[in-house]
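Architecture and fold: a report
Letter by letter, the chains look like this.
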Amino acid sequence: MTDVDQEFMRQALALARQAESSGEVPVGAVVVTGGEVIGRGFNQPVANNDPTAHAEVQALREAATAAANYRLPNATVYVTLEPCAMCAGAMVHARIARLVYACPDPRAGAAGSVFEIARSAALNHRVKVSSGILEDECREVLQAFFRTRR
């Protein structure tokens, strides 16, 4: 874990809190290339009536627009929760170099917990994966959100 990884994960965590304040599952993501954030996103599927409006997809869309290219081969995605199959697949298609996530998702994670899409040898691109960056802080935000829902 580097200071840079923590810095960008803190930005993703701030976006997760923005999702939470909107009543969405608190997940945030940033896309970084060359040391700069070029894409930001937080969960918005309820507000947007869009099942694809996950934090990672929102951030990838903004990053691709900023780069004027749907491929982001030098980018790192920082996200507060391990991506689902859809989001991990989008990262593979975007040719993301690296994924850094905070908390594993034992129910739907696709970067090693349930599925291995991000690093699958069956696909034409593999994403380097790191995890556990600010895991406790990100987990607490998620758990607090779900405690209020039960």
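That block above? That's the structure.
The rules behind each value
- Residues numbered from 1 in each chain as written.
- Predicted model: local features only at pLDDT ≥ 70, side-chain atom pairs only at ≥ 80, totals over all residues.
- Heavy atoms only, no water.
- Axes fitted to C-alpha atoms, helices over the stretch in contact; angles between N-to-C directions.
- Helix = DSSP H or I, 4+ residues; strand = E, 2+ residues; numbered from the N terminus.
- Parallel < 35°, antiparallel > 145°, perpendicular 65-115°, else oblique.
- Left-handed = near helix turned anticlockwise from the far one by under 90°.
- Contact = heavy atoms within 4.5 Å.
- Nonpolar A, V, L, I, M, F, W, Y, C, P; charged D, E, K, R; others polar.
- Phe/Tyr/Trp six-rings, centres within 6.5 Å; stacked < 30°, edge-to-face > 60°.
- Buried < 20%, exposed > 50% of the residue type's maximum accessible area, 1.4 Å probe, protein only.

1. Some details on the packing of helix α3 (residues 55-67) against helix α4 (residues 85-94)
Between α3 and α4, the least distance of the axes is 9 Å, while the angle of their chain directions is 25 degrees. Relative to α4, the element α3 is oriented roughly parallel. α4 is crossed by α3, and the crossing has left-handed handedness. When α3 is examined against α4, the residues E56, V57 and L60 are found in contact with a partner set consisting of M86, C87, A90, M91 and A94. By residue class, the composition of the contact of α3 with α4 is 7 nonpolar, no polar and 1 charged.

2. Focus: the packing of aromatic side chains
The description of an aromatic ring pair uses the distance of the two centres, along with the angle that the planes make with each other. Following the criterion strictly, the structure yields 2 aromatic pairs and no others. Measuring from ring centre to ring centre gives 5.4 Å for F8 and Y78, while their planes differ by 40 degrees; the resulting arrangement is tilted. Residue F8 is found in helix α1 (residues 3-21), and its partner Y78 is found in strand β3 (residues 76-81); the two are separated by 70 residues along the sequence. A residue is classified by how much of its surface remains accessible, and F8, at 4% relative accessible area, is buried. Here the aromatic rings of F145 and F146 are separated by 5.1 Å at their centres, their planes lie at 85 degrees, and the arrangement is edge-to-face. Judged by relative accessible area, F146 falls into the partly exposed class, the value being 31%.

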